[in-house]
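Observations on the three-dimensional arrangement
Spelled out from the first residue to the last, the chains are:
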Amino acid sequence: MGLFTKDIKTLDDLFVHALQDIYYAEHQITKALPKMVEKATDPQLKQGFQTHLAETQNQIKRLEQVFEMHGQKPKAVDCPTIDGLIKEANQVSGDVADKQVLDAALIASAQAVEHYEITRYGTLIAWAEQLGRSDCARALQQNLDEEKATDKKLTVMAESKVNRKAA
Ligand SMILES: [Fe+2]
Ligand SMILES: [Fe+2]
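The present account deals with the structure reproduced in this document.

Calculation rules
Residues numbered from 1 in each chain as written. Chains lettered and ligands numbered in written order. Predicted model: local features only at pLDDT ≥ 70, side-chain atom pairs only at ≥ 80, totals over all residues. Heavy atoms only, no water. Phe/Tyr/Trp six-rings, centres within 6.5 Å; stacked < 30°, edge-to-face > 60°. Helix = DSSP H or I, 4+ residues; strand = E, 2+ residues; numbered from the N terminus. Buried < 20%, exposed > 50% of the residue type's maximum accessible area, 1.4 Å probe, protein only. Core = buried A, V, L, I, M, F, W, Y, C linked by side-chain atoms within 4.5 Å. Contact = heavy atoms within 4.5 Å. Donors = N, O, S within 2.8 Å, 3.2 Å for Na, K, Ca; no water. Expected span 1.5 Å × (residues − 1). Bend = angle between axes of the 7 residues up to and from the residue. Salt bridge = Lys/Arg side-chain N within 4 Å of Asp/Glu carboxyl O.

1. Section: the packing of aromatic side chains
Where two aromatic rings form a pair, the distance of their centres and the angle of their planes describe that pair. Under the definition given, this model contains one aromatic pair. When the ring of tyrosine 23 is compared with that of phenylalanine 67, the centres are 5.3 Å apart and the planes differ by 80 degrees; the resulting orientation is edge-to-face. Within this pair, whereas tyrosine 23 is found in helix 1 (residues 11-39), its partner phenylalanine 67 is found in helix 2 (residues 43-69), the two being separated by 44 residues in sequence. Note on tyrosine 23: relative accessible area 8%, which makes it buried.

Rendered as structure tokens:
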């Protein structure tokens, strides 16, 4: 976005901007997840982060397809929200001494990221449909489904054991 001109004029422009935002976010997430794999103690949590890393790499490819379907070159724009979420995740996990408590902290941080992704994909799908791009909406829906499934798995892990071990 320019400082003196308003670059986003239409819903289509806004859609493309949001795509660029989530494209940036997904890249940042692929950089953050390996550190979370390393920090996690619970083997299932470790595996969960590893699985979501592979999914995230695939989500990036799907986003590239969406850009192409919409006649755009894949491009990232800074997303201060994801930067902030990741920064906070690193700060908190750096401050937790106990390994069991650290697992609970990692889940909480990961769920904040998933919820951000869920809100973004929800909006993108609604805008794609409004713009008559059901093809884009379908691909974005696959990403959204993976984020929701990941969020659910994290909730189950937290509530079934990780929080109890941390207490
Ligand atoms: Fe994602
Ligand atoms: Fe995710």
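2. Focus: the nonpolar core
When a protein is soluble and globular, its nonpolar side chains tend to lie buried together. The biggest cluster of nonpolar side chains holds 44 residues, and the ones touching the most others in it are Phe15, Leu19, Phe49, Ile82, Leu124 and Leu140. If you list the elements that add at least two residues to this core, you get helix 1, helix 2, helix 3 (80-95), helix 4 (99-130) and helix 5 (134-166). Per-element tally for this core: the top contributor is helix 1, with 13 residues. Isoleucine 82 has contacts with Tyr24, Ala25, Gln28, Ile29, Val113 and Tyr116, leaving out every residue within four places of it along the chain.

3. Details of the coordination of the iron ion (ligand 1)
Every protein donor of the iron ion (ligand 1) is accounted for by Glu26 (OE), Glu26 (OE), Gln59 (OE1), Glu117 (OE) and Glu147 (OE), and the metal-donor separations fall at 2.0 to 2.2 Å. Linear spacing of the donor residues for the iron ion (ligand 1) on their chain is E-x32-Q-x57-E-x29-E. In this structure, the iron ion (ligand 1) is positioned 3.3 Å from the iron ion (ligand 2), and both are ligated by glutamate 117. Of this pair, glutamate 26 sits in helix 1 while glutamine 59 is found in helix 2, placing the two residues 33 residues apart along the sequence.

4. Points about the coordination of the iron ion (ligand 2)
Each donor-metal-donor angle would ideally measure 109.5 degrees in four-coordinate tetrahedral geometry, or 90 or 180 degrees in six-coordinate octahedral geometry. Distances from the iron ion (ligand 2) to its protein donors, His52 (NE2), Glu114 (OE), Glu114 (OE), Glu117 (OE) and Glu147 (OE), fall within 2.1 to 2.6 Å. Sequence spacing of the donors to the iron ion (ligand 2): H-x61-E-x2-E-x29-E. Under the relative-accessibility criterion, glutamate 114 is labelled buried at 3%. Residue classification places glutamate 147 among the buried residues on the basis of a relative accessible area of 0%.

5. A short note on helix 1
The first and last C-alpha atoms of helix 1 sit 41 Å apart over 29 residues, in line with the 42 Å expected at 1.5 Å per residue. The axis of helix 1 is deflected most strongly, by about 25 degrees, at alanine 32, and proline proline 34 appears within four residues downstream.

6. Some points on the pattern of salt bridges
The final tally for this structure, using the stated rule, is five salt bridges. Between aspartate 42 and lysine 161 there is a salt bridge whose closest N-O contact spans 3.1 Å. With aspartate 42 in the loop between helix 1 and helix 2 and lysine 161 in helix 5, this pair connects stretches of sequence that are 119 residues apart. Of the two residues, aspartate 42 and lysine 161, neither departs from the other in class, the shared state being buried. One salt bridge connects arginine 62 with glutamate 146, and the closest N-O pair in it is separated by 3.3 Å. On the criterion of sequence distance, the pair formed by arginine 62 in helix 2 and glutamate 146 in helix 5 is long-range, its members being 84 residues apart. With relative accessibility at 11%, the residue arginine 62 sits in the buried group. Glutamate 146 sits in the buried class, given a relative accessible area of 17%. A cluster of three or more residues bridged by salt bridges with shared partners is formed by Asp42, Lys161 and Lys165.

On their own, these measurements won't tell you what the molecule is for.
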